[in-house]
Amino acid sequence: MKTSIKLGSIYGIPVKLHFTLIFIVALIAWSVGANVYMIAELLNIPDPDIPLGLESYLLGIAVAVSLFASVFVHELAHSIVSIKSGFPVEEISLWLFGGVSKMEELPTDPNLEIRISAVGPLSSLGIAFGTLAAGLVAPNDILIFLLIYTSFLNFFLAGFNLIPAFPMDGGRILRALLAKRYSYIKATKQASTIGKVFAVIFGVIGLFINVFLVLIAFFIYIAASQESQNVLIDYALSDVPIAKIMTKDVKTIDPDETIAEFMDKVTTHQHTGFPVVTGNKIVGIITLDDAKKIPERGLHTTRVKEVMETDIVCLQPYDDASKAWKTMTKKRIGRFPILYKRELVGIVTRSDIMQAFQIQSELGKYKGEEI
Ligand SMILES: [Zn+2]
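Residues numbered from 1 in each chain as written. Predicted model: local features only at pLDDT ≥ 70, side-chain atom pairs only at ≥ 80, totals over all residues.

### A few points about the overall build of the protein
Inference 1: A tally of regular secondary structure across the protein gives 14 helices and eight strands.
Inference 2: Judged by the C-alpha coordinates and their principal axes, the protein covers about 80 × 55 × 40 Å.
Inference 3: The buried share among the 371 residues of the protein stands at 34%.
Inference 4: Taking the contacts inside the protein whose residues are at least 6 apart along the sequence as the reference set, 61% of them involve residues at least 24 apart. (Helix = DSSP H or I, 4+ residues; strand = E, 2+ residues; numbered from the N terminus. Buried ≥ 20, exposed ≤ 12 C-beta atoms within 10 Å, placed from the backbone. Contact = placed C-beta atoms within 7 Å.)

What follows is the structure, encoded as structure tokens:
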């Protein structure tokens, strides 16, 4: 399902809007529109000349747009510093909880991680002071409201992102600071634990004041666990060649076989996917998910080649298992054909990788380096 629309590109980075953004914009527009006098009082704008109704709701939409423009600048700042430091950024996406800059790889150099992480909150602070100054000299109450409120939101953005919990910038800064004293792996584990503690505290506070906070807490908890798991797996598998963990006796299927024959193979060999091969050449990969798209009556007439995935990613036997893990997570695929001199020599699945990780962590304990 397509859940985002591409808005355009900047510095070669695609900028995407996620559909959940509509809800938050509507929520902000409505809550600002309906409570404009109360907010004005909080912002210290006495007796504001803003008519309640269409004008106040339009002002609400303007606040929502300026909030997301601010989030965008924040993410763009991360992205620019990241690209300039040699770490490509895949995309910037704006969604329910703000923005995310998806990076292909994160730097492990603490100083670089601090620089990339800190520039976001710093840019939010910049916007906060800039809009505050502009708000103090703005000519009418609607503009004053918009600028001062934007300033307030940016102070909040800077502060919120500095919370020392993954995936907040503060969590990354904390990890980098810890990594200056301990190993990267230990620093990640500690930062992730601190992040989880924060998530639990937020969750409990959220139960009493705002359900939205519970959602954010849940999101932080998951992100903290994932971050540490990814780093651990990456570390544990970084010197394990794929050749060591791949299945060498690969069961394959011919592109001209039918889906019914594929289903038979699934039952016989208890694999959920097969490389599709003609001669010695791999031409695609077919999984149960592909086959499920075919209705019952088409099982004997549809050929494997009609439903197989042809855009396949292959790895080499001497690649690191951590590379297989990263590519798997990034492209959301469950198995890789392994080619040597263009010939299929094995296959690696997600469970092969998880098993190798288990073994590596057990071995690590014996060597005294706890993973
Ligand atoms: Zn940030």
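### Topic: the environment of F262
Inference 1: Checked against the element boundaries, F262 lands in helix α10 (residues 259-269).
Inference 2: Along the sequence, F262 and A324 sit 62 residues apart, while their C-alpha atoms lie 26 Å from each other.
Inference 3: Among all residues touching F262, those that are not within four sequence positions of it are I253, E257, I286, A291 and V304.

### A closer look at the pairing of strand β6 (residues 281-287)
Inference 1: For strand β5 (residues 273-278) and β6, the ladder comprises six bridges, and the chain directions are antiparallel. Opposite V276, over in β6, you have G284 as the bridge partner. (Pairing = 2+ DSSP bridges.)

### What to know about the environment of E113
Inference 1: For E113, the location among the structural elements is in helix α4 (residues 110-137).
Inference 2: On a C-alpha basis, the gap between E113 and V15 in space is 22 Å, while along the polypeptide they are 98 residues apart.
Inference 3: With near-sequence residues (within four places) excluded, E113 lies in contact with L106, P107, R172 and A176.

### Let's talk about the pairing of strand β8 (residues 343-349)
If a strand is regular, its side chains alternate between the two faces of the sheet.
Inference 1: Relative to β8, strand β7 (residues 335-340) runs antiparallel, the two sharing six bridges. If you follow F336 over to β8, its bridge partner there is V348.

### A closer look at the packing of helix α3 (residues 54-84) against α4
Inference 1: In the contact formed by α3 and α4, the axes pass within 8 Å of each other and the chain directions differ by 145°. For the crossing formed where α3 meets α4, the hand is right-handed. Within the contact between the two elements, α3 uses S70, V73, H74, E75, A77, H78, V81 and S82 and α4 uses R115, I116, V119, G120, S123, S124 and I127.
Inference 2: Its residues assigned to classes, the contact of α3 with α4 shows six nonpolar, seven polar and two charged. (Axes fitted to C-alpha atoms, helices over the stretch in contact; angles between N-to-C directions. Left-handed = near helix turned anticlockwise from the far one by under 90°. Nonpolar A, V, L, I, M, F, W, Y, C, P; charged D, E, K, R; others polar.)

### Considerations on unusual backbone geometry
Inference 1: Look at Y11: it is not a glycine, yet its phi comes out positive at around 55°.
Inference 2: For Y11, the position within the fold is in the loop between β1 (4-10) and β2 (13-18).
Inference 3: With 12 C-beta atoms packed within 10 Å, Y11 lands in the exposed category.
Inference 4: Even without a glycine there, the phi angle at Q270 is positive, about 60°.
Inference 5: For Q270, the position within the fold is in the loop between α10 and β5.

### As for the domain arrangement of the protein
Inference 1: Splitting the protein by domain gives domain 1 (1-162), domain 2 (166-236) and domain 3 (242-366).
Inference 2: Between the C-alpha centres of domain 1 and domain 3 there is a distance of 43 Å. (Domains from an automatic or database assignment.)

### Comments concerning the confidence of the model for the protein
Inference 1: Chain-level pLDDT for the protein is 84 on average; 96% of the residues reach the 70-or-more range.
Inference 2: Per-element mean pLDDT across the protein ranges from 69 in strand β4 (residues 98-103) up to 93 in α4. (pLDDT = per-residue confidence, 0-100.)

### Section: the nonpolar core
Inference 1: The biggest cluster of nonpolar side chains holds 27 residues, and the ones touching the most others in it are A165, A199, F202, A217, I220 and A224.
Inference 2: Among the domains, domain 1 (1-162) and domain 2 (166-236) are the pair contributing at least three residues each to this core. (Core = buried A, V, L, I, M, F, W, Y, C linked by C-beta atoms within 7 Å.)

### Here's the deal with the environment of A321
Inference 1: Along the chain, A321 turns up in helix α13 (residues 321-331).
Inference 2: Each C-alpha atom, one on A321 and one on S238, is 6.5 Å from the other, the two residues being 83 residues apart in sequence.

### Quick look at α3
Inference 1: Under the 1.5 Å per step criterion, the end-to-end length of α3 is 44 Å for 31 residues, consistent within 8% with the ideal 45 Å.
Inference 2: Following α3 by one or two positions, G86 adopts a phi angle in the positive range, close to 95°. (Expected span 1.5 Å × (residues − 1).)

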